[in-house]
Amino acid sequence: MRELRVDDAADLAFVRAMMERTPSVGFPSWFTLEQLVERQREMVAALLDRLATRRLGATTCGALAPRPARDEPVAEVVLVAESDAATRAGFAWVRTVIDHFGRVPVAHIEDLATAPGHEGQGIGAALVQQAEAWARAHRLAGLTLNVWPENTRARALYERSGLAPEMLRMRKVL
Ligand SMILES: CC(C)(COP(=O)(O)OP(=O)(O)OC[C@H]1O[C@@H](n2cnc3c(N)ncnc32)[C@H](O)[C@@H]1OP(=O)(O)O)[C@@H](O)C(=O)NCCC(=O)NCCS
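If you're wondering where the values come from, they're calculated on a predicted model, not measured in any experiment.

## Here's the deal with the site of the ligand
Then step 1. By nearness alone, 21 residues border the ligand, and Leu112, Glu119, Gly120, Gly122 and Asn151 come closest of all.
Then step 2. Protein contacts shield 70% of the accessible area of the ligand, which totals 940 Å² for the unbound molecule.
Then step 3. Counting only elements with at least two residues in the shell around the ligand, the list comes to strand 4 (105-114), helix 3 (123-137) and helix 4 (152-160).
Then step 4. Sorting elements by how many residues they give to the shell around the ligand places helix 4 first, with 5 residues.
Then step 5. Of the residues belonging to the shell around the ligand, the class tally is 9 nonpolar, 8 polar and 4 charged.

Structure follows, in structure tokens:
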């Protein structure tokens, strides 16, 4: 398990592909696959831009990354899991957010996926475990994430990893 290498084109392509994998598992009928994929593409583009900007800021002029506004994340990381053969096998994007009710920073898993062909080998569990280790290293008070109710496999993984459901968001289409 390692962090994403922002200047490695293959790493970036892997993360982009993984972000498009998440909607493939089932989602509420009022969204379309195209909508979700488009949103994922926007999110990953913004993420990779941010990471590149921070790296450039640190190496070219010694400047620190721009200070986040009050409710913006104070830190984020993209983890890349590799199989024995050093093949990219999964990824997780984790960042700090301010917990709405607790009003303290917590680590939030924005997205997590195992590459096709590598499922059922403990990669997903290892990614959640590493996200938790990152959260503990940052002295964060919790680990949160959102998951579609339809995604039973991911939900089972998260529950096995010690996360419990917190809130169920409901909708009526008008
Ligand atoms: C959900 C997801 C991340 C699970 O990843 P994974 O790498 O298969 O997860 P794990 O291997 O840790 O656990 C999955 C299964 O493998 C089993 N397993 C765990 N370690 C194992 C090992 N060493 N050898 C064999 N099987 C193992 C687990 O018991 C579990 O059983 P299940 O099939 O009944 O669920 C993966 O299916 C995925 O990428 N889905 C699409 C993207 C997605 O939905 N992401 C979540 C967004 S919220």
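## A look at the packing of aromatic side chains
Then step 1. Counted by the stated rule, this structure contains 1 aromatic pair.
Then step 2. Note on Phe31 and Trp148: the rings are 5.7 Å apart at their centroids and 45 degrees apart in plane angle, and the pair reads as tilted. One end of the pair, Phe31, is in the loop between helix 1 (9-21) and helix 2 (33-60); the other, Trp148, is in the loop between strand 5 (143-145) and helix 4, with 117 residues separating them in the sequence.

## Structural notes on the environment of Val44
Then step 1. Tracing the sequence through the fold places Val44 in helix 2.
Then step 2. A C-alpha to C-alpha distance of 9.4 Å links Val44 and Leu12, two positions 32 residues apart in sequence.
Then step 3. With near-sequence residues (within four places) excluded, Val44 lies in contact with Val15, Arg16 and Met19.

## A short note on the pattern of salt bridges
Then step 1. Per the stated rule, a full pass over the model turns up 12 salt bridges.
Then step 2. The partner of Glu82 in a salt bridge is Arg2, and the shortest N-O contact between them spans 3.0 Å. You can see Glu82 sitting in strand 2 (residues 76-82) and its partner Arg2 sitting in strand 1 (residues 2-3), a full 80 residues away along the chain.
Then step 3. We classify Glu82 as partly exposed; its relative accessible area is 30%.
Then step 4. Look at Arg2 and you get buried, because its relative accessible area is 13%.
Then step 5. Between Arg39 and Glu42 there is a salt bridge; the shortest N-O distance is 2.6 Å.

## Quick word on helix 1
Then step 1. With 13 residues, helix 1 extends 19 Å from end C-alpha to end C-alpha; this agrees with the ideal 18 Å at 1.5 Å per step.
Then step 2. Between the side-chain oxygen of the N-cap and the backbone nitrogen of Ala10 there are 2.9 Å, and the N-cap of helix 1 in question is Asp8.

## A word on helix 4
Then step 1. Turning to helix 4, its buried residues are Ala154, Leu157 and Tyr158. Looking down the long axis of helix 4, one finds its buried residues gathered within 95 degrees of arc, a one-sided arrangement. Residues Thr152, Arg153 and Arg160 are exposed on helix 4 and point more than 90 degrees away from its buried face.
Then step 2. Residues of helix 4 that are buried sit in contact with strand 4, helix 3 and strand 5.

## Some remarks on the pairing of strand 4
Then step 1. For strand 4, the buried fraction is high: 8 of the 10 residues fall into the buried class.
Then step 2. Pairing between strand 3 (residues 88-98) and strand 4: 9 bridges, direction antiparallel. The residue bridging Arg95 from the neighbouring strand is His108, located in strand 4.
Then step 3. Connecting the antiparallel pair strand 3 and strand 4 is a turn made up of 6 residues, with Arg103 showing a positive phi of about 60 degrees.
Then step 4. Of the strand pairs in this sheet, strand 4 and strand 5 are connected by 3 bridges, and their pairing is parallel.

Reading the values: the criteria
Residues numbered from 1 in each chain as written. Predicted model: local features only at pLDDT ≥ 70, side-chain atom pairs only at ≥ 80, totals over all residues. Heavy atoms only, no water. Near = heavy atom within 4 Å. Areas by Shrake-Rupley, 256 points an atom, 1.4 Å probe, with all protein chains shown as cover. Helix = DSSP H or I, 4+ residues; strand = E, 2+ residues; numbered from the N terminus. Nonpolar A, V, L, I, M, F, W, Y, C, P; charged D, E, K, R; others polar. Phe/Tyr/Trp six-rings, centres within 6.5 Å; stacked < 30°, edge-to-face > 60°. Contact = heavy atoms within 4.5 Å. Salt bridge = Lys/Arg side-chain N within 4 Å of Asp/Glu carboxyl O. Buried < 20%, exposed > 50% of the residue type's maximum accessible area, 1.4 Å probe, protein only. Expected span 1.5 Å × (residues − 1). Polar contact = N/O pair within 3.5 Å; in protein donor to acceptor, adjacent residues only side chain to side chain. Arc of directions from axis to C-beta. Pairing = 2+ DSSP bridges.

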